[in-house]
Amino acid sequence: MKQLIVQFQQALAALDRVKANALFSEALATRTPIQAVEQLVVPALEQIGAAWHSGDIAMSQVYMSGRFCESLVDGVLPPSDPDRKHQPRSAIVVLSDYHDLGKRIVYSVMRASGFELFDYGRLDVDQLIEKTISDHIRILMISVLILPSALKVKQVCRGLKQSGSDVKVVVGGAPFLFDAQLWQEVGADAMGNSASEAVAIVKRLMGAMQ
Ligand code: B12
């Protein structure tokens, strides 16, 4: 698998869609779509990020890699499953920053696992508090890309609490992967490292709500 990740990462950095597509198909031959996404796409993008950080590739390569992976993921993760679970009202959102991939994967995997949830797209703090309250959301999933956005989760949690909402806030994304305590510092109820963990967390929260 390591070899495949390196090749996939090189194809992305070279903006070679045909090669990247072929390598992704190779991964899909022996894995489920979500395994292929989490075992190939996610680590390759992490390496792309590290290469940008060390000055080896340009931001445009990072951007194009992200966009291309979005379309690959869109193509294999089913948008819905007919057998929906009875569940508390839930929503997912990107808080403030401009990225979609993490949220898109978590959303697809949640839906593919039978959960129905609102996709709020990208919102800022006040809009998110307002929408969460007016939609009577019980489980709110927040995805962020950069640290300043992660810190804004604190304002969201405070605002929701002040308005009397009993919503459970689940967070995820790069800043929370780098700092294992951050989710508690911003007042979230749980943090997930991956889309599969998101499903497990929501199941646990649902159990505690009954
Ligand atoms: C691709 C990328 C971008 C793309 C995003 C394109 C897109 N369409 O999404 C672009 C080029 C736009 C971008 C821009 C920037 N980026 Co950038 N980017 C990345 C990179 C390389 C990969 C991110 C990614 O998409 N990963 C793949 C997805 C699938 O992973 P993920 O988001 O982590 O999601 C997974 C889990 O975290 C989890 N998850 C995610 N959300 C949720 C939510 C819940 C509820 C749960 C349970 C789980 C969960 O499940 C997902 C699937 O496994 C990372 C490197 C890294 N190590 O993450 C840097 C990185 C995130 N970027 C960084 C930075 C600094 C920036 C910029 C500020 C750069 C700049 N100077 O302009 C801008 C900020 C833009 C903005 N304001 O929003 C830093 C952040 C550092 C920090 N501590 O804040 C990183 C870590 C790079 C680095 N090493 O410095 N970036």
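Here, the structure is the one placed above.
The structure reproduced in this document is the subject of the present report. (Residues numbered from 1 in each chain as written. Predicted model: local features only at pLDDT ≥ 70, side-chain atom pairs only at ≥ 80, totals over all residues. Heavy atoms only, no water.)

Some points on the packing of helix 1 (residues 2-13) against helix 2 (residues 17-30)
Between two packed helices, the angle of one axis relative to the other and the distance separating the axes together describe the packing.
And then number 1: With their axes 8 Å apart at the nearest point, helix 1 and helix 2 run at an angle of 155° to one another. Taken together, the axes of helix 1 and helix 2 lie roughly antiparallel to each other. Classified by chirality, the crossing of helix 2 by helix 1 is left-handed. Packed against helix 1, whose contacting residues are Leu4, Gln7, Phe8, Ala11 and Leu12, the element helix 2 presents Lys19, Ala20, Leu23, Phe24, Glu26 and Ala27 at the interface.
And then number 2: When its residues are assigned to classes, the contact of helix 1 with helix 2 shows eight nonpolar, one polar and two charged. (Axes fitted to C-alpha atoms, helices over the stretch in contact; angles between N-to-C directions. Helix = DSSP H or I, 4+ residues; strand = E, 2+ residues; numbered from the N terminus. Parallel < 35°, antiparallel > 145°, perpendicular 65-115°, else oblique. Left-handed = near helix turned anticlockwise from the far one by under 90°. Contact = heavy atoms within 4.5 Å. Nonpolar A, V, L, I, M, F, W, Y, C, P; charged D, E, K, R; others polar.)

Some details on helix 4 (residues 59-76)
And then number 1: The end-to-end C-alpha separation of helix 4 is 26 Å, in line with the 26 Å expected for 18 residues at 1.5 Å each.
And then number 2: Among all positions of helix 4, only Ser65, Gly66, Phe68, Cys69, Glu70, Leu72 and Val73 are buried. (Expected span 1.5 Å × (residues − 1). Buried < 20%, exposed > 50% of the residue type's maximum accessible area, 1.4 Å probe, protein only.)

As for the site of the ligand
And then number 1: Taken together, 36 residues sit near the ligand, with Glu70, Asp97, Tyr98, Ser143 and Leu147 positioned nearest.
And then number 2: The backbone of aspartate 100 places a nitrogen or oxygen atom 3.1 Å from an oxygen atom of the ligand.
And then number 3: At the level of elements, helix 3 (33-53), helix 4, helix 5 (101-112), strand 3 (139-144), strand 4 (168-173), helix 8 (174-178) and helix 10 (195-209) are the ones that each hand at least two residues to the shell around the ligand.
And then number 4: The greatest single-element share of the shell around the ligand, amounting to six residues, is contributed by helix 3.
And then number 5: The residue makeup of the shell around the ligand, split by class, is 22 nonpolar, ten polar and four charged.
And then number 6: Two domains share the shell around the ligand, each providing at least three of its residues, namely domain 1 (2-76) and domain 2 (90-209). (Near = heavy atom within 4 Å. Polar contact = N/O pair within 3.5 Å; in protein donor to acceptor, adjacent residues only side chain to side chain. Domains from an automatic or database assignment.)

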